[in-house]
Amino acid sequence: MSTELTLYGYWRSSAAYRVRIALNLKGLAYRQVPVHLVKDGGQQHGAEYRALNPQGLVPLLVDESNGGVRIAQSLAILEYLDEVFPVPALLPTDPAQRAQVRALALHIACDIHPLNNLRVLQYLSTELGASEEAKNAWYRHWVEQGLAAVEQGLAVLSGRLSLGQRPGYLEACLVPQVYNARRFNCDLSAYPRILDIAARCEPLDAFVKAAPEVQADAQ
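Residues numbered from 1 in each chain as written. Predicted model: local features only at pLDDT ≥ 70, side-chain atom pairs only at ≥ 80, totals over all residues. Heavy atoms only, no water.

- By the naming in an unreviewed UniProt entry, the chain goes by Maleylacetoacetate isomerase and is assigned to Aquipseudomonas alcaligenes.
- UniProt lists a comment for the chain under the heading Sequence similarities (unreviewed entry), and it reads "Belongs to the GST superfamily. Zeta family." (UniProt positions renumbered as here; feature names shortened; annotations may be inferred.)

**Describing the pattern of salt bridges**
- Scanning the model with the defined rule gives seven salt bridges in all.
- Where Arg 102 meets Glu 79, a salt bridge forms, and the shortest distance between an N and an O atom there is 2.9 Å. Taken together, the residues span a long stretch of sequence, with Arg 102 in helix H4 (residues 95–112) and Glu 79 in helix H3 (residues 74–84) at a distance of 23 residues.
- On the accessibility criterion, Arg 102 (26% relative accessible area) is partly exposed. (Salt bridge = Lys/Arg side-chain N within 4 Å of Asp/Glu carboxyl O. Helix = DSSP H or I, 4+ residues; strand = E, 2+ residues; numbered from the N terminus. Buried < 20%, exposed > 50% of the residue type's maximum accessible area, 1.4 Å probe, protein only.)

**Some thoughts on helix H6 (residues 132–153)**
- The terminal C-alpha atoms of H6 lie 32 Å apart, and with 22 residues this matches the ideal 32 Å at 1.5 Å per residue to within 8%.
- All of the buried residues along H6 are Lys 135, Asn 136, Tyr 139, Val 143, Gly 146, Leu 147, Val 150 and Glu 151. Angularly, the buried residues of H6 cover 150 degrees about the axis, an arc narrow enough to put them on a single face. In this structure, H6 carries Glu 133 and Gln 152 as exposed residues pointing more than 90 degrees from its buried face.
- If you follow the buried residues of H6, they end up packed against H4, helix H5 (118–126), helix H7 (169–183) and helix H8 (192–201). (Expected span 1.5 Å × (residues − 1). Arc of directions from axis to C-beta. Contact = heavy atoms within 4.5 Å.)

Below is the structure:
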């Protein structure tokens, strides 16, 4: 399907990673504009990007087919994509199941990720003087604590993916979080449900093409 979507992101941003997965799951064509979060003091802070997204964060989705509307925040982007391009759906049709999926995704995006994103880690190092060892211990503590709750919450799926045999909204959030956990050597052995979902999703084309290492701006 031909669209006029532009995604501003960074190859290693897990929030941008979520959106790439969702776009791929829906089979939507999109162009990517890299915003380097470290180079030049962080290109997200530059006037040019701030004019597009005053939050100074990635990702940002621009839909030229809808008047050039700009959508920030990864979960808002996923919701937008599911409403504007409803097939294939990212969320279950049953209201209770939709709420359960959203709750798990929000736990990842709002309770785990914000404590461990780049600007928090930079603040720990530069402003609070945390050592690399202390910073990594902080990261692992919050990821492992958060994933323990997600692991319990996944019991509602009874061994299925969030859309039965098909991944969607939840998996688009979970797989990038697993990727980050592995980067920081978190012990994931206590989370068999999480590992099972990751193992089932990561070989799929939508996830392979969204992986950080295959992005044009990967370093």
